[in-house]
Amino acid sequence: MRGWWREIAGLVLPVACGGCGRPRTELCPSCGAALTGAGEGPRRVRPSPEPAGLPVVHAVAPYAGPVRELLIAHKERGALSLAPPLGGALAAAVEAAAGGVEDPGARPLLLVPVPSSRRSVRARGHDPTRRIALAAAARLRGAGRPARVVPVLRQRRYVADQAGLGARGRLANLSGALEVVPGGGRLLRAGKVVLVDDLMTTGASLAEAARALGGVHLPFIPGIPHGLPGGSAQRGFEQRVAAVIASSPASFELNRNSPGTWIVAGGER
């Protein structure tokens, strides 16, 4: 109900830009440009230290200035009208993560959101990551790229609030915390999986999400060697990719031209 009240309030109360506070606009041109990466487009990003099992991640903009304010406004202050532009930014990162435009008959992109806890969803009155993912999928479909949101991950145990935890603390807090819902593996076989979130800080959430997906048998992926060291079968391997709107400014400067990474089922690289 809280989310509905916020949407109704937005119709009758004065609006201001969620990024800079400029009156009479929900998103001013300057903040909108920042949200698209100031024309530079999505980039490969890597936190330092990089957690084991982190997939290849693409982000649109550094988590600073108006981009930070826009994400906070949507997530914590219920500025739900920002979901479409935030979804547009995420869609650009998804396309960068998934590769170039494929033929019309290609399998759809399956956007798998990193789940929020039920406690957080109740406190905020909405699920911000899932809302942005739905907006991103709509934007991709509008551009002719088949895409849908597949929320197959869930928390299997209690997770403490991540705020105030460092990189090691976040890894420990999230280790083994996620799982694929029953029947989720079947849904994931229908397309190309891209993990999505609004923000990457330490990478712990995306690494845990990739680990949880690693146990799901996914279809044959062309380009992976038939035999790998140790005699592992090819079918045990799947390329994990992820997309976020924003990441720490430092992560944009680390190994910009580093090659892609193959993730082994179970989370080892």
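Given the structure is predicted, the values throughout are model-derived calculations rather than measurements.

(A) Spatial organisation of the side chain of Asp 198. Of note, Asp 198 is situated in strand S7 (residues 192-200). A polar contact of 3.0 Å, which involves the side chain of Asp 198, links it to the side chain of Lys 75. Residue contacts for Asp 198: discarding those within four places in its chain leaves Leu 71, Lys 75, Thr 129, Ile 132, Val 244, Ile 245 and Ala 246.

(B) Local environment of the side chain of Thr 202. By the secondary structure assignment, Thr 202 is in the loop between S7 and helix H9 (204-214). Side-chain polar atoms of Thr 202 contact the backbone nitrogen of Ala 204, separated by 3.3 Å.

(C) Geometry of helix H4 (residues 83-98). Between the first and last C-alpha of H4 there are 21 Å, a value that for 16 residues agrees with the 22 Å anticipated at 1.5 Å per step. Immediately downstream of H4, the backbone of Gly 99 shows phi near 100°, a positive value.

(D) Highlighting the nonpolar core. Core analysis: the biggest nonpolar cluster contains 35 residues, and Leu 90, Val 94, Leu 111, Val 194, Val 196, Ala 243 and Ile 245 have the highest contact counts within it. Ranked by residues supplied to this core, first place goes to H4 with eight residues. Ignoring sequence-local partners within four residues, the contact set of Ala 243 consists of His 58, Leu 90, Ala 93, Val 94, Ala 97, Val 194, Leu 195, Val 196 and Asp 197. Judged by nonpolar contacts, the second largest core, of 25 residues, contains Leu 110, Val 114, Val 180 and Leu 195.

(E) Just unusual backbone geometry, in detail. Cis geometry is found at the peptide bond from Ser 48 to Pro 49, where omega equals 0°. Mapped onto the elements, Pro 49 comes out in the loop between strand S1 (43-45) and strand S2 (56-62). Even without being a glycine, Arg 24 presents a positive backbone phi close to 65°. Looking at the secondary structure, you find Arg 24 in the loop between helix H1 (2-12) and helix H2 (29-35).

(F) Structural context of the pairing of strand S3 (residues 109-113). Most of S3 sits out of view: five of its five residues are buried. Residues Leu 109, Leu 111 and Pro 113 of S3 are buried on one face, and the alternating residues Leu 110 and Val 112, pointing to the opposite face, are buried as well. Relative to strand S4 (residues 147-149), S3 runs parallel, the two being bridged by three bridges. Along S4, the bridge assignment pairs Leu 109 with Ala 147.

(G) Focus on the environment of Arg 139. The topology assignment puts Arg 139 in helix H6 (residues 128-142). Between the alpha carbons of Arg 139 and Gly 87 there is a distance of 7.2 Å; along the sequence they are 52 residues apart. Sequence-distant contacts of Arg 139, defined by excluding residues within four places in its chain, comprise Pro 84, Gly 88 and Ala 91.

(H) How the structure looks around helix H3 (residues 65-76). The end-to-end C-alpha separation of H3 is 16 Å, in line with the 16 Å expected for twelve residues at 1.5 Å each. Looking only at H3, the buried set comprises Val 67, Leu 70, Leu 71, Ala 73, His 74 and Lys 75.

How each quantity is defined
- Residues numbered from 1 in each chain as written.
- Predicted model: local features only at pLDDT ≥ 70, side-chain atom pairs only at ≥ 80, totals over all residues.
- Heavy atoms only, no water.
- Helix = DSSP H or I, 4+ residues; strand = E, 2+ residues; numbered from the N terminus.
- Polar contact = N/O pair within 3.5 Å; in protein donor to acceptor, adjacent residues only side chain to side chain.
- Contact = heavy atoms within 4.5 Å.
- Expected span 1.5 Å × (residues − 1).
- Core = buried A, V, L, I, M, F, W, Y, C linked by side-chain atoms within 4.5 Å.
- Buried < 20%, exposed > 50% of the residue type's maximum accessible area, 1.4 Å probe, protein only.
- Pairing = 2+ DSSP bridges.

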